[in-house]
Amino acid sequence: MSIVKINAITVPADSGDELGKRFAARGDSMAGVPGFEGFELLRPSDGRTQWLVLTRWADEESFAAWTSSQHFARSHGGGSAEGDGGRPRPVGTASELWSYTVALSR
């Protein structure tokens, strides 16, 4: 059964749209990643500032392999200012990774 990883990203209220644009620009960049089953970006609708990046994986090993891959490093590395390596600054001010197994699915 799948495992679920949720990256809870704290984003200032005026930066949420930028986070959404950055994820949209990635398109299907996860296509072909072994064990990757799906992705959702959840926008808060109740005044919170945490956006949730929900991913499903075949197993813990697939997730671990991805996090140690060049693909992961390219999409998560850096954090320098634009013009300094060409990578924009992060939109989020903090993040926390939550891990779950599926207890029930219908």
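Structure: see above.
Position numbers for residues count from 1 along each chain, tracking the sequence in the order it is written. Only residues with pLDDT of at least 70 get local features here, since the model is predicted, and only at 80 or more are side-chain atom pairs given and counted; chain-wide, interface and lining totals rely on the full set of residues. The side-chain figures draw on all heavy atoms in the structure; neither hydrogens nor water molecules are used.

A. Quick look at the nonpolar core. Only buried residues count toward a nonpolar core, which is a set of Ala, Val, Leu, Ile, Met, Phe, Trp, Tyr and Cys residues joined through side-chain atoms within 4.5 Å. Relative accessibility decides the category of a residue: with a 1.4 Å probe and only protein chains considered, values under 20% of the type maximum give buried, values over 50% give exposed, and everything between is partly exposed. The biggest cluster of nonpolar side chains holds seven residues, and these are Ile9, Val11, Leu19, Phe23, Trp51, Val53 and Val91. Think of it this way: any DSSP run of H or I at least four residues long counts as a helix, any run of E at least two long counts as a strand, and we number them from the N terminus. Looking at this core, the elements with two or more residues in it are helix H1 (16-26) and strand E3 (50-57). We call two residues in contact whenever any of their non-hydrogen atoms come within 4.5 Å of each other. What isoleucine 9 contacts, discounting residues up to four positions off in sequence, is Thr49, Gln50, Trp51, Val53, Gly92, Ala94 and Ser95.

B. Summary view of H1. Of the positions making up H1, those classed as buried are Gly16, Leu19, Gly20 and Phe23. Looking straight down H1, one finds that the buried residues subtend no more than 100° of arc, so they occupy a single side. In H1, those exposed residues whose orientation departs by more than 90 degrees from the buried face are Asp17, Lys21 and Ala25. Looking at the buried side of H1, the elements it contacts are strand E2 (36-42) and E3. Backbone geometry just after H1 places glycine 27 at a positive phi near 50°. This arc describes the spread of directions from the helix axis toward the C-beta atoms.

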